[in-house]
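# Close look at the chain arrangement
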Amino acid sequence: MGCLTAGAQDVLDDAARLTDRGDFRGAAALLDGALRVPDLPPARRRQLEFQRDGLERVKKDYSLTKEGLFQELNYSVRDLTPEEFAQWLVEGWFDGRMIDGQMFYLKVSVSNLFFRHAELNARRLDAPDKTAEQQGRLEICRAIKKAAQEEGTPYVLPHHFSCTMTVTTEKDAASPSL
């Protein structure tokens, strides 16, 4: 951020403080106002736009209301009661964030619940069948262990993975310079 003037840095700092307090509307208004400054240097504009975009990304990540989270959990946890859910909230089992006066929870809260509290897997209604995947991993681990013992080194049998990913965005989601 060394290329920013003190005023632009103040805007970024103030917007960060507002965001931390949960005032996303206020932070957005502050950033939008700074972006309307005529003849804004490109480096400053990019930084302000990055911060503005970050607000929207956080809101997309934290998209579940308390009611929405309970509904999602009802699809995934057998015999979930409102009292049990309320206790989980009190105990901080879910990542939540205040956004403009309302608490929102991460949209991955359900999968995180089973990851963090494996004892609930017995009650999981939507558990994917990962038997073949886990069997494949076990075979790889056994082969690595055997090769490491035979060769006397822990660096054996490297694996390379190829992934394909499709990304869909709205038109003009990123500037052409990105």
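Going by the structure above, here's the rest.
So, how was this worked out
- Residues numbered from 1 in each chain as written.
- Predicted model: local features only at pLDDT ≥ 70, side-chain atom pairs only at ≥ 80, totals over all residues.
- Heavy atoms only, no water.
- Salt bridge = Lys/Arg side-chain N within 4 Å of Asp/Glu carboxyl O.
- Helix = DSSP H or I, 4+ residues; strand = E, 2+ residues; numbered from the N terminus.
- Buried < 20%, exposed > 50% of the residue type's maximum accessible area, 1.4 Å probe, protein only.
- Phe/Tyr/Trp six-rings, centres within 6.5 Å; stacked < 30°, edge-to-face > 60°.
- Polar contact = N/O pair within 3.5 Å; in protein donor to acceptor, adjacent residues only side chain to side chain.
- Contact = heavy atoms within 4.5 Å.

## What to know about the pattern of salt bridges
The full count for this structure, using the stated rule, is 10 salt bridges. Salt-bridge contacts for R52 lead to D32; the nearest nitrogen and oxygen are separated by 2.8 Å. Linking R52 in helix α3 (residues 42–61) with D32 in helix α2 (residues 24–35), this pair joins segments that are 20 residues apart in sequence. What makes D32 partly exposed here is its relative accessible area of 26%. Here E150 and K146 are joined by a salt bridge, their closest N and O atoms 4.0 Å apart. Taken together, the residues E150 and K146, both in helix α7 (residues 131–151) and four residues apart, mark about one turn of the helix. The burial state of E150 is the same as that of K146; both residues are exposed.

## Brief notes about the packing of aromatic side chains
Each pair of aromatic rings is reported with the distance of its centres and the angle of its planes. In this structure the tally under the stated criterion is four aromatic pairs. Ring geometry for W88 versus F94: centroids 6.3 Å apart, planes at 55 degrees, classification tilted. Each member of the pair, W88 as well as F94, carries the same accessibility label: buried.

## A word on the side chain of S76
With respect to the helices and strands, S76 occurs in helix α4 (residues 66–76). At a separation of 3.4 Å, a polar atom in the side chain of S76 contacts the main-chain carbonyl oxygen of E72. Here S76 is in contact with V110, F114, R123, R124, L125 and D126, once residues within four sequence places are set aside.

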